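A closer look at the structure
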Amino acid sequence: MLSLPSQLLLRNTEIFENGKWAIVNPSDAAIFDELRDPSVDADITGLHQFHDVYFQSENTSKFPQVFAASFSLDDLKDKQQLDGAVIYLPKAKQHLEMLIANLAELVKVGGKLMIVGENKAGIKSVGKLLERLGSTVNKIDGAKHCGLICVEIETPNAKPFDIKGFGVVRTYSVNGEEIKVFSLPGVFGHKQFDPGTQLLLAQFEPRSTKLLNMKGQVLDFACGTGIIGTYLAKLNAKVKLTMSDVSALAVYCTKQTLALNGVEGNVIASDGMKHVEGYFDHIISNPPFHTGIHNDYSITQQFIALAHKQTRARGTLDIVANKFLPYSEVMNGLYFRSKTLVSTNKYNIYEAAK
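Residues numbered from 1 in each chain as written. Predicted model: local features only at pLDDT ≥ 70, side-chain atom pairs only at ≥ 80, totals over all residues. Heavy atoms only, no water.

Things to note about the overall build of the chain
Along its length, the chain carries 11 helices and 17 strands. Burial statistics for the chain: of 354 residues in total, 51% are counted as buried. Within the chain, contacts between residues at least 6 apart in sequence are counted, and of these 65% link residues at least 24 apart. Taken as a whole, the chain presents about 16,100 Å² of accessible surface, with 47% of it coming from carbon and sulfur. (Helix = DSSP H or I, 4+ residues; strand = E, 2+ residues; numbered from the N terminus. Buried < 20%, exposed > 50% of the residue type's maximum accessible area, 1.4 Å probe, protein only. Contact = heavy atoms within 4.5 Å. Areas by Shrake-Rupley, 256 points an atom, 1.4 Å probe, with all protein chains shown as cover.)

Shown next, in the form of structure tokens:
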């Protein structure tokens, strides 16, 4: 079933009847199937920063390409060639600001930039962000607890979009070791050194048996800004590091974080474990439990099951999870040994061995 924002967008398919359009970060790939209807004469490109929906959308004829971390204008060949774009409202306000700045360069003067999203996600407040692009900001439609807001672009960007301008480099002390981290809006760990991640990495102090015994192929799943894998590989030369995330922005951040710390690693975009190849001696993660603004426990449950299949004999899985999340039973049912290493009033650290 289509998401509520997609259902609202399909009430307004006439907006796609003229010109070249982009649909940005849709919450479901099915929107492209709906827009393939012969009654909709549309020239639509899909732009996506989340590889689960992107890979689903690859099978539709209306999704020819993806502009991953920065929506590179080089791939569009002609600057400002879009007549309009629709952005699905992201969770973080700063992420939306970055997307608006990027799309304002892709859409020609006189073109339309629209935001669609749920009321509870903050769609009613986005009009103020669009006012800087043009004086005409309108609510095109409102239904299904969602809104569709539009601005006609009056002036082009004063300077080219640069994704690094939205990034921040911070230095964190991890068990007494300084790690530099590059982060972008919309990436987990952007605003702070996540306390769950801190607790997880506290189990891998520089002289700890867990860190000293770690060797071989190591996977940092849902790597975010890349702090976990970077720390492990920086302190242990025996680690051969792979890092994965569903977000192209996270992949971009992780590559920057590795470079800042002089660490090498293979960084890939993957829908869960689907695009992670090979077998690992150790897998470590602060796994997600959200899809957009909604809780989604199945992400980590599927990750644990697939991680078990790709863990070598005597390999280990270490994760941190909010205490209310039901992951211990899943691990107990799959691994030879599973235990809780640390339990606080908010988090549990689980370790499982194959």
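Quick word on the pairing of strand β7 (residues 168-174)
Inspection of the sheet shows β7 paired to strand β8 (residues 177-183) by 7 bridges, in the antiparallel sense. Directly across from V168, in β8, lies its bridge partner S183. The hairpin formed by β7 and β8 contains 2 residues between the paired strands, and N175 there has a positive phi angle of roughly 55°. (Pairing = 2+ DSSP bridges.)

Comments concerning the sheet that holds strand β1 (residues 20-24)
Here 6 strands make up an open sheet; going across it, the order is β2-β1-β3-β4-β6-β5 and the pairing mixed. Strand pairing shows two members of the sheet lacking a second neighbour, β2 (43-47) and β5 (137-143), which therefore form its edges. This sheet shows a mean twist of 20° between the axes of neighbouring strands, independent of strand direction. Relative to strand β6 (residues 146-152), strand β4 (residues 107-118) runs antiparallel, the two sharing 7 bridges. Following the sheet pairing, L113 is matched in β6 by V151. In the packing of helix α4 (residues 93-106) onto the sheet, the strands contacted are β1, β2, β3 (82-88) and β4, and the crossing angle to β4 comes to about 150°. (Axes fitted to C-alpha atoms, helices over the stretch in contact; angles between N-to-C directions.)

As for the pattern of salt bridges
Going through the model one piece at a time under the given rule, you end up with 8 salt bridges. Notably, a salt bridge pairs D141 with R11, separated by 2.9 Å at the nearest N-O pair. Highlighted residues: D141 in strand β5 and R11 in the loop between α1 (4-10) and β1, separated in sequence by 130 residues. For R11, a relative accessible area of 47% corresponds to the partly exposed category. Among the salt bridges present, the one from D43 reaches K20, with a minimum N-O distance of 3.8 Å. You can see D43 sitting in strand β2 and its partner K20 sitting in strand β1, a full 23 residues away along the chain. For D43, a relative accessible area of 40% translates into the label partly exposed. Linked through salt bridges whose partners overlap, the residues forming this network are K210, D318, R337 and E351. (Salt bridge = Lys/Arg side-chain N within 4 Å of Asp/Glu carboxyl O.)

Examining the sheet that holds strand β11 (residues 266-269)
In sheet architecture, strand pairing relies on hydrogen bonds along the backbone and comes in two forms, parallel and antiparallel. Overall, mixed pairing links the 7 strands, which are arranged β11-β10-β9-β12-β15-β17-β16 in an open sheet. The strands lining the two open edges of the sheet, one partner per strand, are β11 and β16 (337-343). Sheet twist, expressed as the average angle between the axes of neighbouring strands with direction ignored, equals 15°. Relative to β11, strand β10 (residues 239-245) runs parallel, the two being bridged by 4 bridges. Paired with S244 across the bridge in β11 is I268. Running at roughly 175° to β10, helix α8 (residues 227-235) makes contact with β9 (216-221), β10 and β12 (280-285) of the sheet. On top of the sheet, helix α9 (residues 248-260) reaches β10 and β11; it is set at about 170° to β11, its chief contact.

A look at the nonpolar core
The biggest cluster of nonpolar side chains holds 29 residues, and the ones touching the most others in it are V174, F204, I227, I228, Y231, L232 and L241. Secondary structure elements with two or more residues in this core: β7, β8, α6 (195-201), α8, β10, α9 and β17 (347-353). The element best represented in this core is α8, accounting for 5 residues. The residues touching L241, leaving out its near neighbours within four places in the chain, are V218, G229, T230, A233, L258, E264, G265 and N266. (Core = buried A, V, L, I, M, F, W, Y, C linked by side-chain atoms within 4.5 Å.)

Points about the side chain of S6
Considering the arrangement of structural elements, one finds S6 in helix α1. A polar side-chain atom of S6 sits 2.7 Å from a polar atom in the side chain of Y88. Filtering out sequence-adjacent residues up to four positions away, S6 remains in contact with S27, D28, I31 and Y88. (Polar contact = N/O pair within 3.5 Å; in protein donor to acceptor, adjacent residues only side chain to side chain.)

Considering the packing of aromatic side chains
What describes a pair of aromatic rings is the distance from one ring centre to the other and the angle between the planes of the rings. For the structure shown, the criterion picks out 5 aromatic pairs. Aromatic pair F182 and Y252: ring centres 6.1 Å apart, planes at 65°, arrangement edge-to-face. Taken together, the residues span a long stretch of sequence, with F182 in strand β8 and Y252 in helix α9 at a distance of 70 residues. Judged by relative accessible area, which is 6%, F182 ranks as buried. Seen from their ring centres, F221 and F303 are 4.0 Å apart, and the 5° between their planes marks the pair as stacked. Of this pair, F221 sits in strand β9 while F303 sits in helix α10 (residues 298-309); the two residues are 82 residues apart in sequence, bridging distant segments of the chain. Of the two residues examined, F221 and F303, each falls in the buried class. (Phe/Tyr/Trp six-rings, centres within 6.5 Å; stacked < 30°, edge-to-face > 60°.)

These values are about where atoms sit, not about what they do.
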